[in-house]
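So you can see what is in the structure, the chains are spelled out below.
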Amino acid sequence: MTELSRHRPVFHSEADLQHGFARVLWELAPDVHARLEVPQRGSGKTEYLDLQCLGPESRTAIEFKYFTRGWTGRAGSPVEDYDLKAHGATDLARLHFVRDIARLERFCRRSDQNGIALMLSNETSLWAPPGPGRRRTRDHDFRIHHGRDLAGTLLWAEGAYEPNTCSLRGTYPLEWETYSEQSGAGGEFRYLAVFVGSSAGGADDATGA
């Protein structure tokens with residue numbers, strides 16, 4: 001991510017992020033082969049993995065999320081104009097990120113397979129903990145702020161909407177890292193990377209990073 005931020009401190013879209021990441025991966029580790037949108041078949045349905053990295057001895061599945069608030073500016077090398085739109089629904093951003101972790105737990109059932117759930121954002125409320133006295137929101141269990149541990153069964157609206165219930169086998173400490181600093185409101189970008197270890201052989205625990 002450090003190398004990526006040197007040339008691409010901002011992205012136009014999630015697909016742009018995926019492409020940029022894959023390119024830098026190839027430059028840094030040419031023996032690792034990257035595959036985009038790889039189908040994962042099981043339980044009677046097909047899901048698509050954002051990026052599969054195939055190394056000499058193991059493989060890493062990566063799921064991406066790029067969630068933005070509005071920001072307009074110039075950045076990068078070469079310099080480009082950016083006009084980021086506000087996605088708005090931070091509760092759904094949290095839900096979808098946690099679901100990515102749960103998906104990776106399903107995908108990482110081989111001894112040579114692990115995964116990373118990666119979110120890049122300039123939305124401060126994602127990494128900042130809720131203020132004292134703030135009322136409990138429907139996505140309370142799904143909050144992904146810095147310093148929190150994600151684990152166990154997470155309920156949406158205290159279980160009022162069961163389809164959004166999400167269960168995690170592992171325990172994941174959440175640590176947001178600085179990605180880039182741009183001018184103006186919304187110019188601070190951070191990323192959250194959660195590592196999911198292999199669960200082959202019945203290992204149910206994992207560590208976030």
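The structure reproduced in this document is the subject of the present report.

Cut-offs and rules
Residues numbered from 1 in each chain as written. Predicted model: local features only at pLDDT ≥ 70, side-chain atom pairs only at ≥ 80, totals over all residues. Heavy atoms only, no water. Phe/Tyr/Trp six-rings, centres within 6.5 Å; stacked < 30°, edge-to-face > 60°. Helix = DSSP H or I, 4+ residues; strand = E, 2+ residues; numbered from the N terminus. Buried < 20%, exposed > 50% of the residue type's maximum accessible area, 1.4 Å probe, protein only. Polar contact = N/O pair within 3.5 Å; in protein donor to acceptor, adjacent residues only side chain to side chain. Pairing = 2+ DSSP bridges.

1. Digging into the packing of aromatic side chains
Phase 1: Counting across every chain of the model gives seven aromatic pairs.
Phase 2: Seen in terms of ring centroids, Phe11 and Tyr66 are 6.2 Å apart; in terms of plane orientation they differ by 90°. Their pairing is edge-to-face. Here Phe11 is found in the loop between α1 (2-7) and α2 (14-28), whereas its partner Tyr66 is found in strand β3 (residues 59-67), with 55 residues between them in sequence. As far as the burial class goes, Phe11 and Tyr66 line up, both buried.
Phase 3: Ring geometry for Phe21 against Phe64: centres 5.2 Å apart, planes inclined by 75°, an arrangement best described as edge-to-face. Here Phe64 lies in strand β3 and Phe21 lies in helix α2, a separation of 43 residues in the sequence. Of the two residues, Phe21 and Phe64, neither departs from the other in class, the shared state being buried.
Phase 4: An aromatic cluster of at least three residues, connected via ring pairs, comprises Phe11, Tyr66, Tyr179 and Tyr191.

2. Thoughts on the environment of Glu123
Phase 1: As for its position among the elements, Glu123 is in the loop between β6 (113-121) and α4 (124-127).
Phase 2: Given the relative accessible area of 17%, Glu123 is considered buried.
Phase 3: As a C-alpha pair, Glu123 and Gly170 span 47 residues in sequence and 26 Å in three-dimensional space.
Phase 4: Side-chain polar atoms of Glu123 contact the side chain of Ser125, separated by 2.9 Å.

3. Looking at the pairing of strand β1 (residues 33-42)
Phase 1: As defined by bridge partners, β1 adjoins strand β2 (residues 45-54) across nine bridges and the pair is classed as antiparallel. Each residue of the ladder has a partner; that of Gly42, found in β2, is Lys45.
Phase 2: Counted along the chain from β1 to the antiparallel partner β2, the turn is two residues long, and its residue Ser43 has a positive phi close to 55°.

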